[in-house]
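What the coordinates show
Letter by letter, the chains look like this.
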Amino acid sequence: MGVRHERVPGQFGNGGAFDPTNPDLRLSRATGGRFVLPEFGRTARLIMEQQDSENRLKQVVRAVREQGGIVTEASDLYLTEERRINKVSARLQDFQKEVRQFVRDVASEGLTLQEVLLYAYAKHAPERNAHLQERRADGQQSMSGMSTADALAIQQEATEAGLAPALERLHATLMRWTKGTLAINRDEGLISNELHASLDGMFDYYVPLRGHEDEDSGQTQRTSRGQGGRRSVLGPRMMGRHSEAGQVLENIIHARVMALIKAGENEVRRSFLQFVLDNPDPALWEVDAVESKPVLTVDDAGEQVIEERERAVTDDKRTVVVWDGGKAVSVWVKDPVMREQLNRLGVEKLGPYLGLMRAANRNLGRLYTGLNLAFAVKNFVRDIGAAGPSMIDAVGFFGAAKMYANLPRAVWHSFLAETGRPPEEFQLWRAAGGKTGFMGLVGVDDIAKDLERTFADAQRVWVNPRVWLPKVFDLIESVSAVLENATRYAGFLAARSEGKSLLESVSVGQNLTVNFTRRGTKTAQMSAWFMFYNPAVQGTTRVLQALKSPKVLATLGAGMTGIALLALRNASMGDDDDGVPWWDKIPQDVKDRNLIVMLPPGATAGEAVPGSKQGRYIKVPLPYGWNWFGTVTNQAVDMLRHAQDPARGVTPTQAMKNVVTSFLNAFSPVPDVARSVDSPKSLALLALPDFLDPIAQAESGFVAMNGYPDRQGVRASSAVMDISTAMMVGNAVLGALYARTHRGHGQ
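The rules we used
- Residues numbered from 1 in each chain as written.
- Predicted model: local features only at pLDDT ≥ 70, side-chain atom pairs only at ≥ 80, totals over all residues.
- Heavy atoms only, no water.
- Helix = DSSP H or I, 4+ residues; strand = E, 2+ residues; numbered from the N terminus.
- Buried < 20%, exposed > 50% of the residue type's maximum accessible area, 1.4 Å probe, protein only.
- Contact = heavy atoms within 4.5 Å.
- Areas by Shrake-Rupley, 256 points an atom, 1.4 Å probe, with all protein chains shown as cover.
- Pairing = 2+ DSSP bridges.
- Axes fitted to C-alpha atoms, helices over the stretch in contact; angles between N-to-C directions.
- Core = buried A, V, L, I, M, F, W, Y, C linked by side-chain atoms within 4.5 Å.
- Phe/Tyr/Trp six-rings, centres within 6.5 Å; stacked < 30°, edge-to-face > 60°.
- Polar contact = N/O pair within 3.5 Å; in protein donor to acceptor, adjacent residues only side chain to side chain.
- Salt bridge = Lys/Arg side-chain N within 4 Å of Asp/Glu carboxyl O.
- Left-handed = near helix turned anticlockwise from the far one by under 90°.
- Nonpolar A, V, L, I, M, F, W, Y, C, P; charged D, E, K, R; others polar.
- Patch = residues over 30% accessible without salt bridge, like charges linked within 9 Å, V, L, I, M, F, W, Y side chains within 5 Å.
- Expected span 1.5 Å × (residues − 1).

**Quick look at the overall build of the protein**
Per the secondary structure count, the protein includes 28 helices and eight strands. Of all 747 residues assigned to the protein, the portion counted as buried reaches 48%. In the protein, the proportion of contacts linking residues at least 24 apart, taken out of those at least 6 apart, comes to 70%. Accessible surface for the protein amounts to roughly 36400 Å². Of this, 57% is attributable to carbon and sulfur atoms.

**Observations concerning the side chain of Ser390**
Secondary-structure assignment places Ser390 in helix α12 (residues 373-418). Residue contacts for Ser390: discarding those within four places in its chain leaves Asn511, Leu512 and Arg542.

**A few points about the sheet that holds strand β5 (residues 327-333)**
Neighbouring strands of a sheet are bound in pairs by backbone hydrogen bonds; such pairs are parallel or else antiparallel. Reading across from one edge, β1-β5-β4 is the order of the three strands in this open sheet, with antiparallel pairing throughout. In this open sheet, the two strands that pair with only one neighbour each are β1 (285-287) and β4 (319-324). Sheet twist, expressed as the average angle between the axes of neighbouring strands with direction ignored, equals 25°. Packed on one face of the sheet, helix α10 (residues 336-344) meets β1, β4 and β5 and runs near 40° to β4.

**Brief notes about the nonpolar core**
By size, the foremost hydrophobic cluster in this structure holds 38 residues, and its most contacted members are Phe102, Leu111, Val116, Met146, Leu174 and Trp177. Counting only elements with at least two residues in this core, the list comes to α4 (84-108), α5 (113-133), α6 (148-160), α7 (164-187) and α9 (242-278). Examining the composition of this core, we find that nine residues originate from one element, α5, more than from any other. Setting aside chain neighbours within four positions, we find Phe102 in contact with Leu113, Val116, Leu170, Thr173, Leu174 and Trp177.

**A few points about the packing of aromatic side chains**
The full count for this structure, using the stated rule, is 16 aromatic pairs. Judged by centre distance (5.7 Å) and plane angle (25°), the rings of Trp412 and Phe415 are stacked. Here Trp412 pairs with Phe415, and both are found in helix α12, just three residues apart, close to one helical turn. Between Trp628 and Phe667 the ring centres are 6.2 Å apart and the planes differ by 70°, which places this aromatic pair in the edge-to-face class. Highlighted residues: Trp628 in helix α23 (residues 627-644) and Phe667 in helix α24 (residues 652-667), separated in sequence by 39 residues.

**With respect to the sheet that holds strand β6 (residues 594-598)**
Strands sit in the order β6-β8-β7 across an open sheet of three strands; the sheet is antiparallel. Each edge of the sheet is formed by a strand with only one pairing partner; in this case those strands are β6 and β7 (607-608). Pairing of β7 with strand β8 (residues 616-621), which is carried by two bridges, proceeds in the antiparallel orientation. In the sheet register, Glu607 faces β8, and the bridge partner there is Tyr617.

**A short note on the side chain of Thr517**
With respect to the helices, strands and loops of the structure, Thr517 is situated in the loop between α17 (502-510) and α18 (523-529). At 2.7 Å, the side chain of Thr517 and the side chain of Asn515 are in polar contact.

**Here we look at the pattern of salt bridges**
All chains considered together, the criterion is met by 31 salt bridges. The partner of Glu109 in a salt bridge is Arg169, with the nearest N and O atoms 3.0 Å apart. Taken together, the positions of Glu109 in the loop between α4 and α5 and Arg169 in helix α7 put the pair 60 residues apart, joining distant regions of the chain. Judged by its relative accessible area of 32%, Glu109 is partly exposed. Among the ionic pairs, Asp324 bridges to Arg270, the shortest N-O distance being 3.2 Å. Residue Asp324 is found in strand β4, and its partner Arg270 is found in helix α9; the two are separated by 54 residues along the sequence. The exposure class assigned to Asp324 is buried, which follows from its relative accessible area of 7%.

**Concerning the packing of α5 against α6**
It is at 8 Å that the axes of α5 and α6 come closest, and there the two elements cross at 145°. When you trace α5 past α6, the crossing you get is left-handed. Touching Leu118, Tyr119, Ala122, Lys123, Ala125, Pro126 and Asn129 of α5 are Thr148, Ala151, Leu152, Ile154, Gln155 and Ala158, all from α6. By residue class, the composition of the contact of α5 with α6 is nine nonpolar, three polar and one charged.

**Focus: the pairing of β8**
Alignment of β6 against β8, held across five bridges, turns out to be antiparallel. When the sheet's bridge partners are listed, Ile596 is paired in β8 with Lys619.

**With respect to α17**
With seven of its nine residues buried, α17 lies for the most part within the structure. Restricting attention to buried positions, one finds in α17 the residues Leu503, Ser505, Val506, Ser507, Val508, Gly509 and Gln510.

**Structural notes on the environment of Lys613**
Tracing the backbone shows Lys613 in the loop between β7 and β8. Sequence separation between Lys613 and Asp577 is 36 residues; the distance between their C-alpha atoms is 9.2 Å.

**What to know about a nonpolar patch on the surface**
Residues Val377, Val381, Ile618 and Val620 make up a contiguous nonpolar surface patch of roughly 270 Å² in combined accessible area. Contributions of two or more residues to the nonpolar patch are made by α12 and β8. Take Val377: it is sitting in helix α12.

**Regarding α24**
In an α-helix there are 3.6 residues to a turn, and that puts residues three or four apart on one side. Spanning 16 residues, α24 covers 22 Å between terminal C-alpha atoms, matching the ideal 22 Å at 1.5 Å per step. When we look at burial in α24, the residues that qualify are Ala655, Asn658, Val659, Thr661, Ser662, Leu664, Ala666 and Phe667.

**Structural notes on the environment of Ala605**
Note that Ala605 resides in the loop between β6 and β7. Taking relative accessible area as the criterion, Ala605 reaches 43% and is therefore assigned partly exposed. Note: C-alpha distance between Ala605 and Ile618 (13 residues apart in sequence) is 7.9 Å. Beyond its immediate stretch of four places on either side in the chain, Ala605 contacts Leu599 and Arg616.

**Some thoughts on the environment of Phe667**
Residue classification places Phe667 among the buried residues on the basis of a relative accessible area of 13%. Sequence separation of Phe667 and Thr540 is 127 residues, and the distance between their C-alpha atoms is 5.6 Å. In this structure Phe667 touches Thr540, Val543, Gly625 and Trp628, once residues within four positions along its chain are discounted.

Next comes the structure, spelled out in structure tokens:
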């Protein structure tokens, strides 16, 4: 997207009409504004910290639209920001696939990466040396780190060894990448067309050689070997060059990563610039603003005088810098929160300890979710349930019906995409920023780091777990991603068919269940302590947003009525010899998370009711958040049953406890808060990060000993290992004191 800001009507206090007779195109100060922005109060600040770090942008766009301003897809900066992470992630993943294919192509040619990169180094060194010699007068002959004579000799050796054709084919890929990165910077406004043409024409075989301008740079001269320990076929010219050439690919990858990340950020700011140009209001924002400052100076007579001098407003504390056509455009933003959010754009900064804790929680979260196919299937069922109210809220009942009708096609398209054959519609959705990583546990920073590790992984032998284990993880997560994105993609297709624009449809799909890319300014710190903090916050937000719709409320009422009738049926399906209904024997946590359908006597399908010889039932996972309304309904039915027969159902006190526990489990991002209903001491565990307790439970064998005898072991819902460790330490101290009392010495 490009914007024209050279001669902007409406920015100069002229009411929007450009006056060709007025040569003064500077921005003027205005005493009043066109638009009134809502106050950014405590609630909004809390939302910014915990749920949406760019919520001020959303407020501003909404306020301007409601007050008659112009907001198009090109200028809707909030929607542009919302899809930024997914869009950048998709482009990084596409490049990662290219790099991995390049590594395979190198191996198929019988070459090593070092040989290919050294060849690229040798192709570029002569022209780089010649270019630098024009700028220096000291006669240095190898400013690239390789002399021209050595470079030509390496190319000659490659020709004599018969490797030149294969090396040229692989070298062409490297050249395509470097030119592609340069084109990204031009297309995204980071550099001008003129600068692009100049850089593109400067070298024919450019590769980045950061830190290698001088051959005498301290590199250790040694005989380098290729992959698998094979001596290079290029002979003695390889001496001491591999370590220098190896960084060629690393630098190419790093340059592409940084270009894509910066392009994503600048796209949001260019959208903001278009928004400002479409909705001029000097009281809120000014493009290329100037201000007058009193300056003490000396006049012609030698007298000190104070003059008013104008200067551009460019300091970071007041402006947002937008790169457009290679030019830095400064926008003076008068709203401090808006300016802060535009300059930050979701940047997360953590110290080393919190960073390690969050990494541990993320990896453990991946193990529980993306690498757990059973969870992926259950989560898909929950997503289908949660998508209904969201679609009704966004596009109505017909849109929701179309979403469900599109699900089979969406699953198939998602599968084709994961296997490298994406349909055109899916490609459009993904390129627009619709596709997300499973549970949002892999972000842009993770993809970028993984991409930059590709070269290092290629140097390792295939039996190294650091090579094959990530590939296994990728395969499992790709299956999970099929299910994770199918519902969102189906919602996107339905929204498009209902007349929504491309960006609006992408937004509908992103917010269909949990928008994993949305996060608050404090989310990173909270996620270091609590594993699924952000998914819980975003899920709760989505439920609350949907509940504002009368259509959703009507649907929810009908659903709760159906659950009440089902609960009455379940309670009447049968009793055991002890007179307790099968329904009452099903654990409350199972009822809380699932829709239960009791099976008739004699049934063999489904699961056995704990403690029952005959009772069996089927459970269907309920969407997180919405499951609480089912619990409320079930508890109301069970209280009614208890009132009619005290031996059945639950007491009002127990029902209230179950409802409160279910509410905290459904909506609280901190699990220990829900556990505190049964054990108030659990609140003390808030000081411990989530990743420690399950590891201790699994390693100690506690998981294998916990649960039902006819099922797999389960992890305790409370942090039992933390509690038991404290108890054991206390017992040990008491034992030592007892021994000292009776034996005269401690232990």
